[in-house]
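What follows is each chain in one-letter form.
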Amino acid sequence: MEQLKTIIENAWEDISLRSTQETKTAIETIIEQVDKGELRTAQPNEDGTWTVNDWVKKAIIMYFPIRKMEVQEVGIFEFHDKMKLKSGYAALGVRAVPHAVARYGAYLAKNVVLMPSYVNIGAFVDEGTKIGRAATVGSCAQIGKDVHLSGGVGIGGVLEPAQAAPVIIEDGAFIGSRCIVVEGARIGKRAVLGAGVTITGSSKIIDVTGPEPVEYIGFVPENSVVIP
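Every value quoted in this text rests on a predicted model; they were computed, and no experiment measured them. (Residues numbered from 1 in each chain as written. Predicted model: local features only at pLDDT ≥ 70, side-chain atom pairs only at ≥ 80, totals over all residues. Heavy atoms only, no water.)

Novice: Mind showing me how you'd approach the sheet that holds strand β19 (residues 186–187) here?
Specialist: Strand pairing in a sheet relies on backbone hydrogen bonds. The paired strands run either parallel or antiparallel. Strands sit in the order β7-β10-β13-β16-β19-β24 across an open sheet of six strands; the sheet is parallel. Each edge of the open sheet carries a strand with a single partner, namely β7 (107–108) and β24 (219–220). As paired elements, β7 and strand β10 (residues 124–125) share two bridges and run parallel to each other. Among the inter-strand pairings, Leu-108 is bridged to a residue of β10, identified as Val-125. (Pairing = 2+ DSSP bridges. Helix = DSSP H or I, 4+ residues; strand = E, 2+ residues; numbered from the N terminus.)

Okay, here's the thing in C-alpha cells:
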C-alpha cells in the first residue's frame with residue numbers, strides 16, 4: 001500500500017510520470033480496490049473523527065485522463081464516456097432497480113438498494129442503505145449502514161482540492177426528500193434531515209434543545225432532527 005501511495009504522490013507532483021506504465025498500473029489497482037471497498041477516500045476513526053485519504057482521491061483524479069472515450073450500447077440507449085459502469089449486482093447482493101446507474105469505482109455493500117438513481121466513482125455505500133428515486137451520490141461521498149436517502153436527495157461530490165473532506169452520512173441517518181448535502185458536510189449517526197434541508201460545509205446548525213443555543217458549522221450531531 002505504501003508503494004502505491006508513493007507512486008501516486010510522485011505522479012501527482014511530476015506530471016511526466018503519469019504516462020508511465022508503473023503509474024497507470026498503480027492507478028488502476030487503486031480504483032479496483034476502491035470499487036471493492038478495500039480502500040476508501042475517507043475512513044472513520046475510533047474517536048469519531050474521519051481521515052481523508054487524499055492520495056486515493058488523487059488516483060481517482062488521474063484515472064480520468066488515462067481512460068479512453070468509448071461507445072456503450074444498452075438496448076436502444078447509447079452512451080459515450082470514459083468510465084465503465086458497475087456490474088455484477090447479483091453477486092454483490094445489491095438490488096438495482098431500472099434505471100439505477102453506478103460507476104465502476106463506487107463501492108456498494110450487500111443489501112444496498114438502488115432505486116432509479118446515480119452513484120459516482122469513489123463513493124462508498126455501506127450495508128442496508130437505500131438510495132431513493134432520483135437521488136444522486138457524488139464522487140467520494142461516504143454513506144454509512146442503514147441510511148435512507150429519500151427521493152431527489154443530492155449528496156455532493158468532491159474530488160478537488162484533493163485534501164478536501166467528502167460529504168459523510170453516518171450510520172442510520174435519514175435524509176428527507178429533496179435535501180441537499182454538499183461541501184464536505186457531515187451528518188451524524190441516526191440524524192434526521194427534514195424535507196428540503198440544505199447543509200453545506202459552512203451551514204450553521206443551531207441546537208436549541210438546551211438552556212442556551214449551541215452552534216455547529218457543517219456538522220449535524222448524532223440523533224438530531226433538523227428542519228429548514
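Structure's up, so let's keep going.
Novice: For this particular structure, what's the right way to read helix α2 (residues 21–35)?
Specialist: The periodicity of an α-helix, 3.6 residues per turn, causes residues three or four positions apart to be oriented the same way. End to end, α2 covers 21 Å across 15 residues, agreeing with the expected 21 Å (1.5 Å per residue, within 8%). Where α2 is concerned, the buried positions are Thr-23, Ala-26, Ile-27, Ile-30, Ile-31, Gln-33, Val-34 and Asp-35. The elements touched by buried residues of α2 are α1 (2–13), α3 (54–66) and β7. Just past α2, the residue Gly-37 takes up positive phi, approximately 80°. (Expected span 1.5 Å × (residues − 1). Buried < 20%, exposed > 50% of the residue type's maximum accessible area, 1.4 Å probe, protein only. Contact = heavy atoms within 4.5 Å.)

Novice: Got a minute to help me understand unusual backbone geometry in this structure?
Specialist: With the exception of glycine, most residues fall at negative phi, and the peptide bonds are largely trans. Residue Pro-98 is joined to His-99 through a cis peptide bond whose omega torsion reads 0°. On the secondary structure map, His-99 appears in the loop between β5 (95–96) and β6 (101–102). Cis geometry marks the peptide bond from Glu-160 to Pro-161; its omega dihedral reads -5°. Its identity as a non-glycine residue notwithstanding, Cys-140 has a phi of 70°, on the positive side. Mapped onto the secondary structure, Cys-140 falls in the loop between β12 (136–137) and β13 (142–143).

Novice: Where do I start with the pattern of salt bridges in this structure?
Specialist: Once the charged atoms of two side chains with opposite charge are near each other, the side chains can pair. This model, assessed by the stated rule, comprises seven salt bridges. Arg-103 is paired through a salt bridge with Asp-81; the nearest N and O atoms lie 3.1 Å apart. Here Arg-103, found in the loop between β6 and β7, pairs with Asp-81, found in strand β4 (residues 77–81); they are 22 residues apart in sequence, far enough to count as distant. On the basis of relative accessible area, Asp-81 is assigned to the partly exposed category, the value being 25%. (Salt bridge = Lys/Arg side-chain N within 4 Å of Asp/Glu carboxyl O.)

Novice: What should I look at first to understand a nonpolar patch on the surface in this one?
Specialist: Together, Val-74, Ile-76, Phe-77 and Phe-79 line one region of the surface with nonpolar side chains, adding up to about 450 Å² of accessible area. In this fold, Phe-77 is placed in strand β4. (Patch = residues over 30% accessible without salt bridge, like charges linked within 9 Å, V, L, I, M, F, W, Y side chains within 5 Å. Areas by Shrake-Rupley, 256 points an atom, 1.4 Å probe, with all protein chains shown as cover.)

Novice: Where do I start with the environment of Ala-42 in this structure?
Specialist: As for its position among the elements, Ala-42 is in strand β1 (residues 42–44). Ala-42 sits in the buried class, given a relative accessible area of 0%. Residues in contact with Ala-42, not counting those within four places in the same chain, are Trp-50, Thr-51, Val-52, Asn-53, Gln-142 and Pro-166.

Novice: Please clarify how the pairing of strand β3 (residues 70–74) should be interpreted in this entry.
Specialist: Regular strands place side chains that alternate from one sheet face to the opposite one. With five bridges connecting them, β3 and β4 associate as antiparallel partners. Bridging from a neighbouring strand, Val-71 pairs with His-80 of β4. In textbook terms, the turn of a hairpin is the stretch between consecutive antiparallel strands, and for β3 and β4 this stretch comprises two residues, one of which, Gly-75, has a positive phi near 60°.

Novice: Would you mind showing me how to read the side chain of Thr-41 here?
Specialist: Structurally, Thr-41 can be placed in the loop between α2 and β1. Polar side-chain contacts of Thr-41 include one of 3.4 Å to the backbone oxygen of Cys-140. In terms of polar contacts, Thr-41 uses its side chain to reach the side chain of Gln-142, at 3.1 Å. Those residues in contact with Thr-41 that lie beyond four places of it in its chain are Thr-51, Val-52, Asn-53, Val-56, Lys-57, Ile-60, Gly-122, Cys-140 and Gln-142. (Polar contact = N/O pair within 3.5 Å; in protein donor to acceptor, adjacent residues only side chain to side chain.)

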